[in-house]
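An overview of the molecular structure
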Amino acid sequence: MTPKQQILETLRNASAPISGEQLSTQLSISRTMVWKHIQSLLDEGYDIEAIRKKGYVLNKLQEPLSENTLTPYLETETYARQLMILESCSSTQKVAKEWLVTNSFDGMLIVSEEQTEGKGRLNRSWNSTKGKGLWMSWVIKPAILPHEAPPITLVAALAIAHAIEQITTLQVDIKWPNDLLIDGKKVGGILTELQSTPEQIEAIILGIGLNVNHQQEDFEESIQKIATSLAIHHETPIYRSQLLAEIALQLEVAIRQFEKEGFAPFRERWIRHSPMIGQHVTAQTVRETIQGVAVGINEYGALLVETSQGVIPLFSGDVTLSKRKLDF
Ligand code: BTX
């Protein structure tokens, strides 16, 4: 370990401020060198406070993501056992696709502190403020056939909701097909991209954006009214590395179960997480607008909408709650 890493480790494990003098004695380096290493850590994005006459304190909640911060929490078999942590990139989906050209690993994680061109579905953009959220792409290779893939977005949404509920006291709702909501506002979204031949899946790139430690003003003007973060609803900030490790675990467990048993065992739990079921909705697909009541979800993950023409299974599209009751 370099002296800089030793300083970081000492601050991480400390329960009280550590003085420059203590660090200098412990590491047998000069006070000036201690100060230089602290400056360099600050430049890397660590939030270290110097408290007068007491010493340095590391704000663990604002730590940049790194293998060192993540690994102690990781309980998975393969998920995130290969990973790439970036300070900035255009989109982790794009990085994942480039990585896949010459590599292959089920559970590869690409996570970035910031995305300059974060993507949503249908070429919409995803606001990815530096250091505030979890902007990640998982390369997974589930043992399923291409036509069995669509519910994977719903399975992933449940896994993420469960991970958040394990780490915080928050209750997360799922809006079909890919939104995570708290109190009706969007806290996260999933973008699932499939690389496949008609016979077999080569890889699924599961893009997940989760707003973690944002304050309302951290969001772009255009999404201020619709977006929220975990921290806005939680008393204490959330340690991203711990949450990321929990997401890795819940995703791995859920996708392994999905490979063996399909969507059936997730259906009831999914319905419990979706306040939309039983409500009047308007669904916009690429072809048409459908109005009706969301009555459930089938074993393929399609949303069932009861309309005047009968129950229609919806395989893709955007669904919003209707403002008024319909006449049927
Ligand atoms: P979506 O198409 O359902 O949602 C996109 C819409 O959500 C935008 O048009 C905007 O209105 C709103 N929005 C944009 N940014 C945010 C935000 N930070 N919080 C809340 N609402 C927002 C959802 O698509 C799928 C998003 C996946 C994002 C991940 S991040 C890692 C990976 N890399 C990448 O480029 N995309 C995925």
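Only a predicted model underlies this, so the values are computations on that prediction, with no experimental measurement involved. (Residues numbered from 1 in each chain as written. Predicted model: local features only at pLDDT ≥ 70, side-chain atom pairs only at ≥ 80, totals over all residues.)

Another point: the nonpolar core. One finds Val155, Leu158 and Ile160 to be the most contacted residues of the largest nonpolar core, which totals 68 residues. With 11 residues, the single largest contributor to this core is helix H6 (residues 152-167). When residues are assigned to domains, this core turns out to be shared by domain 2 (67-272) and domain 3 (280-321), each giving three or more. Every residue in contact with leucine 158, bar those within four places of it in the chain, is listed here: Ile174, Ala254, Phe266, Arg269, Trp270 and His273. The next biggest cluster of nonpolar side chains, apart from the first, holds 11 residues, and it includes Ile7, Ile18, Val34 and Leu41. (Core = buried A, V, L, I, M, F, W, Y, C linked by C-beta atoms within 7 Å. Buried ≥ 20, exposed ≤ 12 C-beta atoms within 10 Å, placed from the backbone. Helix = DSSP H or I, 4+ residues; strand = E, 2+ residues; numbered from the N terminus. Domains from an automatic or database assignment. Contact = placed C-beta atoms within 7 Å.)

This part covers the UniProt feature "DNA-binding region" (unreviewed entry) in the protein. Residues annotated in UniProt with the feature "DNA-binding region" (unreviewed entry) correspond here to residues 20-39. Annotated as residues 20-39, this span is 85% helix and 0% strand, and its ends, taken at the C-alpha atoms, are 12 Å apart. (UniProt positions renumbered as here; feature names shortened; annotations may be inferred.)

The next point concerns the UniProt feature "binding site: biotin" (unreviewed entry) in the protein. According to UniProt, the positions carrying the feature "binding site: biotin" (unreviewed entry) are Gln115 and Lys186. Exposure remark for glutamine 115: the 27 C-beta atoms within 10 Å place this residue in the buried category. Beyond its immediate chain neighbours, meaning those up to four positions away, glutamine 115 contacts Cys89, Ser90, Ser91, Thr92, Trp126, Ser128 and Trp135. Along the chain, the position of lysine 186 falls in strand S8 (residues 185-196). Beyond its immediate chain neighbours, meaning those up to four positions away, lysine 186 contacts Asp179, Leu181, Ile226, Ala227 and Thr228.

Below, the discussion takes up the domain arrangement of the protein. Partitioning the protein into domains gives domain 1 (3-58), domain 2 (67-272) and domain 3 (280-321). The C-alpha centroid of domain 3 is placed 57 Å from the C-alpha centroid of domain 1.

This part covers the site of the ligand. The full set close to the ligand counts 28 residues, and Ser91, Gly120, Gly189, Gly207 and Gly209 are the nearest of them. Elements with a contribution of two residues or more to the shell around the ligand: helix H5 (92-102), strand S5 (133-140), S8 and strand S9 (201-211). The residue makeup of the shell around the ligand, split by class, is nine nonpolar, 14 polar and five charged. (Near = placed C-beta within 6 Å. Nonpolar A, V, L, I, M, F, W, Y, C, P; charged D, E, K, R; others polar.)

Now for the sheet that holds strand S10 (residues 280-284). The strand order across the open sheet built from five strands is S13-S12-S11-S10-S14, with neighbouring strands paired in antiparallel fashion. Each edge of the open sheet is held by one strand with a lone partner, namely strand S13 (310-314) and strand S14 (318-321). Within this sheet the neighbouring strands show an average axis-to-axis angle of 45°, counted without direction. Both strand S12 (residues 303-307) and S13 contribute to a ladder of five bridges, which runs antiparallel. Following the sheet pairing, threonine 307 is matched in S13 by glycine 310. (Pairing = 2+ DSSP bridges. Axes fitted to C-alpha atoms, helices over the stretch in contact; angles between N-to-C directions.)

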